[in-house]
Amino acid sequence: MQIYLPIAELSVNVFMILAMGGAVGFLSGMFGVGGGFLLTPLLIFSGIPPAVAIASGANQVIGASLSGALFHWQKRAIDIKMGLILLAGGVAGSFIGVWIFALLKQLGQTDLLISLSYVVFLGSIGSLMLIESVRAIHRAKKGQRISLKKSGQHSWIHGLPFKMRFKSSKLYISAIPPVLIGMAVGILAAIMGVGGGFIMVPAMIYILRMPTNVVVGTSLFQIIFVAGLVTILHASENQTVDFVLAMLLLASGVVGAQFGAQAGRRLKAEQLRALLGIMVLGVALRLAVDLLIEPEELYSLTSTLTTAK
Amino acid sequence: MRYSSSLNQSAFRLFAVLCLALLLPRQADAQQLVTDISDPLIKVESTFTGAEILLFGAVEAENMFVRALAKDVVVVVRGPSEDITARRKEKIAGIWMNYGSQTFKDIPSYYAVASTRNIRAIAAPEVLQRYQIGFENLKFVPGKNKNLTGTDEFEKFKKAIIKIKKKDKLFVESSGGVRFLGNTLFRAAIELPAIVTVGSYSADVYLFRDGKLVHVQNSPLYITKSGFERFIFQMAQKTPTTYGIIAVLIALFCGWLAAVVFRKS
């Protein structure tokens with residue numbers, strides 16, 4: 001069954017879009033990532049114009065993240081205070097990112113920049129997570145009890161001012177690292193057109209050393225706001241939010257997120273990290289291949305209407 | 001339903017054209033070409049997967065004694081014009097990235113030619129060029145960067161546009177696409193893919209006799225979004241911020257609804 005998308009201006013298969021939304025929603029609920037880093041490339045591969053894919057994807061991410069976040073809220077697995085501090089940095093970062101994006105658009109190399117950021121960030125984060133979690137799984141098999149948060153461990157982070165207590169995360173750290181992480185993620189999110197969960201989740205685990213069970217909910221919580229901001233910015237600046245496309249993705253995405261959140265609860269933390277690492281690395285490899293192998297069609301066209309509609 | 005009704009409409013119009021052709025005064029050099037389009041207003045709704053427009057018409061004999069022989073009909077449908085930038089990827093430091101580019105001004109977003117036989121056999125190259133009939137006779141006017149004009153590079157970019165547009169079915173050439181039904185009546189079916197640009201189109205019907213253009217008839221054609229699709233599109237254009245906020249609120253509602261439904265079950 002085909003349906004016409006009024007903003008993307010093409011006709012797509014309803015079931016294909018529903019399947020994409022559901023699958024990405026499932027992964028989103030499971031790993032606490034918005035799923036934008038999977039959804040945006042998937043939509044572009046299926047022929048949706050990149051600008052529309054990025055904006056409508058962000059719209060879908062809002063619903064899927066809220067659906068997942070509410071699940072974690074019931075389990076009291078969200079650190080609201082940490083979420084708000086990350087968000088403050090994120091909002092500032094996304095405005096900076098939008099500004100950088102506009103600058104690079106003038107230089108005409110946005111496609112390359114997006115692909116390269118995907119490959120570099122997804123590639124390095126994916127491999128790091130995979131290596132770390134595989135080691136953790138090995139140690140768990142040997143019967144050693146390990147936790148990422150080593151008590152009494154003091155790094156440079158603990159020397160910073162503005163210390164705050166984060167009860168849900170059982171942390172007493174400076175507010176500076178979360179704000180900076182939020183900001184960095186916000187910049188990347190605006191450039192890559194994603195919520196930034198795939199960077200946020202590992203940053204919270206490895207840099208802030210938050211307990212994994214709180215990480216997923218907190219990440220989803222702040223993604224709702226970042227994705228909301230991105231959607232409104234894209235709608236007002238570029239008119240590229242396709243409501244029909246977003247609705248289709250949402251319908252299956254929110255359901256998928258619920259199943260995903262339940263499935264995620266059954267997995268061990270290190271297994272969850274290993275799976276997310278494999279997925280992130282997979283997307284990075286797929287995009288790297290596109291950059292390295294000679295494309296079938298060397299030419300590409302972009303057009304702007306010269307006569308009024 | 002829609003298909004059968006448009007078919008009936010087409011049949012009716014064909015009949016009307018036929019009547020008109022027969023009733024027209026038989027003066028020499030009087031109007032020699034009468035044409036009509038099956039559906040001059042194409043509505044793009046949620047079920048839109050492309051459309052077929054039927055163009056039909058009648059060619060009159062010059063006078064009672066000369067039958068309308070040795071005549072050729074060429075139908076050209078042009079969509080709203082657009083500026084196109086063609087970019088080429090090149091391998092730089094091991095990575096395939098956009099390197100060269102060329103912008104062209106006012107290229108039709110959609111361009112279809114249907115003819116009774118191969119257009120090269122119908123008229124001389126100069127004639128086809130003058131009326132921009134056929135892909136290679138389209139005027140490719142360079143945009144900002146005029147350095148490449150006349151070079152091999154320029155031709156390569158031009159050919160790339162034609163190739164990609166043909167692949168997307170936005171450039172269509174069909175010799176034999178115009179069929180005569182008897183001596184005077186002809187019909188042509190033109191396919192529009194789902195990705196056509198909305199806006200005003202023009203359908204030109206050229207009548208050639210012995211390689212000379214004897215008559216041109218122009219009919220406008222509109223492709224417009226309608227119903228829910230039109231509502232969404234206009235809202236996104238006219239009140240973009242409100243549109244964005246509503247999209248966010250609805251997304252939030254969907255997420256909340258799913259969470260509530262799943263909590264109960």
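Residues numbered from 1 in each chain as written. Chains lettered and ligands numbered in written order. Predicted model: local features only at pLDDT ≥ 70, side-chain atom pairs only at ≥ 80, totals over all residues. Heavy atoms only, no water.

Enquirer: I'm lost on the pairing of strand β2 (residues 10–13) of chain A in this one. Help?
Expert: As a general feature of sheets, a regular strand has side chains that alternate between the two faces. Sheet analysis places strand β1 (residues 2–5) of chain A next to β2(A), joined by four bridges and oriented antiparallel. Bridge assignment links A:Ile3 to a residue of β2(A), and that residue is A:Val12. (Pairing = 2+ DSSP bridges. Helix = DSSP H or I, 4+ residues; strand = E, 2+ residues; numbered from the N terminus.)

Enquirer: Would you mind going over the nonpolar core with me for this structure?
Expert: As a rule of thumb, nonpolar side chains are buried together in soluble globular proteins. With 65 residues, the main nonpolar core has A:Phe37, A:Leu43, A:Ile48 and A:Phe198 as its most contacted residues. Broken down by element, the residue count for this core peaks at nine residues, all from helix α10 (residues 269–292) of chain A. The residues contacting A:Phe37, other than those within four sequence positions of it, are A:Tyr118, A:Leu122, A:Val194, A:Phe198, A:Met279, A:Val280 and A:Val283. By size, the runner-up hydrophobic cluster in this structure holds 30 residues, among which are B:Val44, B:Val73, B:Tyr201 and B:Ala203. (Core = buried A, V, L, I, M, F, W, Y, C linked by side-chain atoms within 4.5 Å. Buried < 20%, exposed > 50% of the residue type's maximum accessible area, 1.4 Å probe, protein only. Contact = heavy atoms within 4.5 Å.)

Enquirer: I'm lost on the side chain of B:Thr35 in this one. Help?
Expert: Residue and element names in this part refer to chain B. Considering the arrangement of structural elements, one finds Thr35 in strand β1 (residues 33–37). You can call Thr35 buried: its relative accessible area is 12%. Among all residues touching Thr35, those that are not within four sequence positions of it are Leu55, Phe56, Gly57, Phe186, Val205, Gln217 and Ser219.

Enquirer: Would you mind going over the side chain of A:Gln60 with me for this structure?
Expert: All names here are of chain A. Its location among the elements puts Gln60 in helix α3 (residues 50–74). Look at Gln60 and you get buried, because its relative accessible area is 1%. In this structure Gln60 touches Gly21, Leu39, Ala246, Leu249, Leu250 and Gly253, once residues within four positions along its chain are discounted.

Enquirer: I tried to follow the packing of aromatic side chains on my own but got confused; where do I start?
Expert: For any two aromatic rings, the description comes down to two numbers: the centre-to-centre distance and the angle of the planes. Residue and element names in this part refer to chain B. Tallied over the full model, the rule gives 13 aromatic pairs over all chains. When the centroid spacing of 6.0 Å and the interplanar angle of 35° are considered together, the rings of Phe253 and Trp256 count as tilted. In this pair, Phe253 and Trp256 are both assigned in helix α6 (residues 240–264), three residues apart and thus about one turn of the helix distant. Under the relative-accessibility criterion, Trp256 is labelled partly exposed at 42%. (Phe/Tyr/Trp six-rings, centres within 6.5 Å; stacked < 30°, edge-to-face > 60°.)

Enquirer: Help me out: how do you make sense of the pattern of salt bridges in this one?
Expert: Opposite charge on two side chains makes pairing possible when the charged atoms of those side chains draw close. If you walk through the whole model with that rule in mind, you get ten salt bridges over all chains. For the salt bridge of B:Lys225 with A:Glu9, the shortest nitrogen-to-oxygen distance reads 2.7 Å. Of this pair, B:Lys225 sits in strand β13 (residues 212–225) while A:Glu9 sits in the loop between β1 and β2, placing the two residues on different chains. Since its relative accessible area comes to 4%, B:Lys225 is described here as buried. A single salt-bridge network, built from bridges that share partners, covers B:Arg88, B:Glu90, B:Glu153 and B:Lys156. (Salt bridge = Lys/Arg side-chain N within 4 Å of Asp/Glu carboxyl O.)

Enquirer: What am I meant to see in unusual backbone geometry here?
Expert: In this model, A:Arg76 sits at a positive phi of 55°, which is unusual for a non-glycine residue. Along the polypeptide, A:Arg76 turns up in the loop between α3 and α4 (80–107). Owing to a relative accessible area of 74%, A:Arg76 belongs among the exposed residues under this scheme. The backbone of B:Asp210 sits at a positive phi, close to 55°, despite the residue not being glycine. Turning to its location among the elements, B:Asp210 is positioned in the loop between β12 (199–209) and β13.

Enquirer: How should I be thinking about the sheet that holds strand β7 (residues 111–115) of chain B in this particular structure?
Expert: In any sheet, the strands associate via hydrogen bonds between backbone groups, in a parallel or an antiparallel arrangement. Residues and elements named next belong to chain B. In space, the six strands of this open sheet follow the order β2-β13-β12-β4-β7-β9, with mixed pairing throughout. Here the strands that pair on one side only, and so sit at the sheet edges, are β2 (41–44) and β9 (171–175). Ignoring strand direction, the axes of neighbouring strands in this sheet form an average angle of 15°. Relative to β13, β12 is paired through eleven bridges, and the arrangement is antiparallel. If you follow Ala203 over to β13, its bridge partner there is Ser219. (Axes fitted to C-alpha atoms, helices over the stretch in contact; angles between N-to-C directions.)

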